[in-house]
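# Commentary on secondary and tertiary structure
Chain by chain, the residues:
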Amino acid sequence: MIRSFQNITPKLAPGVYVDESAQVIGDVTLGEDASVWPLTVVRGDVNKITIGARTNIQDNCCLHVTHDGPYTPGGVELIIGEEVTVGHAVMLHACTIGDRCLIGMGAILLDRVVLEDECFVAAGSIVSPGKRLKGGWLYRGTPAVAVRELTEAERDNLRYSAAHYVRLKNKYLASA
């Protein structure tokens, strides 16, 4: 579940939960109280992945990066902020996600996408490479487009969702 690659071992802060069926490989840093759920792959083999505190990566997600090469000098790492909820079967590839975002089930975010704080990407959406999504908005579609600003209740729910997963992972840790 936690695997070194080329002598680089994932770093886990206190309170992290990684399900025994998940794979966390290489240059990966998990912030305090983060969680990685069943059958997820977090593969930091050719660049770095950083997952912020109280962020949850739900079942069947695939997180990867872009290597250093002639078409991508330096490569592109994956950075996920704090209190982010990444829904089931999401694919995140070499992008940057701000704090308190929610990525709906089955969404795909491609290279060099940037989500500002408090973005909500609807289930099944695809965010095109290099696109920057303004914070405080709901996005959906293929390709994802801005639909409307988030309500205060929806913004509150972003924080609630992250806190719910912290409580849930604590139950899993306590039962281990």
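Below you will find a few notes about this structure. Since the model is a prediction, treat every value here as computed from it, not as a measurement.

Parameters and conventions
Residues numbered from 1 in each chain as written. Predicted model: local features only at pLDDT ≥ 70, side-chain atom pairs only at ≥ 80, totals over all residues. Heavy atoms only, no water. Helix = DSSP H or I, 4+ residues; strand = E, 2+ residues; numbered from the N terminus. Expected span 1.5 Å × (residues − 1). Buried < 20%, exposed > 50% of the residue type's maximum accessible area, 1.4 Å probe, protein only. Polar contact = N/O pair within 3.5 Å; in protein donor to acceptor, adjacent residues only side chain to side chain. Contact = heavy atoms within 4.5 Å. Pairing = 2+ DSSP bridges. Disulfide = S-S within 2.5 Å. Salt bridge = Lys/Arg side-chain N within 4 Å of Asp/Glu carboxyl O.

## Description of helix α1 (residues 152–175)
The α-helix advances 3.6 residues per turn, and as a result positions three or four apart in sequence lie on the same side. Spanning 24 residues, α1 covers 35 Å between terminal C-alpha atoms, matching the ideal 34 Å at 1.5 Å per step. Residues of α1 that are buried: Leu-158, Ser-161, Ala-162, Tyr-165, Val-166 and Lys-169.

## Here's the deal with the side chain of His-93
Within the secondary structure layout, His-93 lies in strand β11 (residues 91–93). A polar contact of 3.4 Å, which involves the side chain of His-93, links it to the side chain of His-64. Each residue touching His-93, except ones within four places of it in the same chain, is listed here: His-64, Val-65, Thr-66, Leu-109, Leu-110 and Asp-111.

## What to know about the pairing of strand β6 (residues 41–51)
As paired elements, strand β4 (residues 23–30) and β6 share 7 bridges and run parallel to each other. By the bridge assignment, Gly-26 is partnered in β6 with Gly-44. Relative to strand β8 (residues 62–64), β6 is paired through 2 bridges, and the arrangement is parallel. In the strand pairing of β8, Val-42 is matched with Leu-63. Here β6 runs beside strand β9 (residues 78–80); their pairing, made up of 3 bridges, is parallel. In the strand pairing of β9, Ile-51 is matched with Ile-80.

## As for the sheet that holds strand β19 (residues 137–141)
Strand order across the open sheet formed by 8 strands is β3-β5-β7-β10-β13-β16-β19-β20, with mixed pairing between neighbours. Either end of the sheet is taken by a strand with one partner, and the two such strands are β3 (17–18) and β20 (144–149). Pairing geometry for strand β16 (residues 120–121) and β19, over 2 bridges, is parallel. Along β19, the bridge assignment pairs Phe-120 with Leu-138.

## Description of the state of the cysteines
Tallied over the full model, the rule gives 0 disulfides. Not engaged in a disulfide, the cysteine Cys-61 finds its nearest cysteine sulfur in Cys-62; these two sulfurs lie 8.7 Å apart. In this structure Cys-119 is not part of a disulfide, and its nearest cysteine sulfur, from Cys-101, lies 4.8 Å away.

## A few points about the pattern of salt bridges
In the structure shown here, the tally under the stated rule is 10 salt bridges. Across the pair Arg-100 and Glu-118 runs a salt bridge, and its minimum N-O distance is 3.0 Å. Here Arg-100, found in the loop between β12 (96–97) and β13 (102–103), pairs with Glu-118, found in the loop between β15 (114–115) and β16; they are 18 residues apart in sequence, far enough to count as distant. With relative accessibility at 16%, the residue Arg-100 sits in the buried group. Its relative accessible area of 13% is what places Glu-118 among the buried residues. Three or more residues joined by partner-sharing salt bridges are found here, namely Arg-54, Glu-82, Glu-83 and Arg-159.

## Here we look at the pairing of β20
In the sheet, β19 pairs with β20 via 5 bridges, with the strands oriented antiparallel. Along β20, the bridge assignment pairs Gly-141 with Ala-144. With antiparallel pairing between neighbouring strands as the criterion, β19 and β20 make up a hairpin whose turn holds 2 residues.

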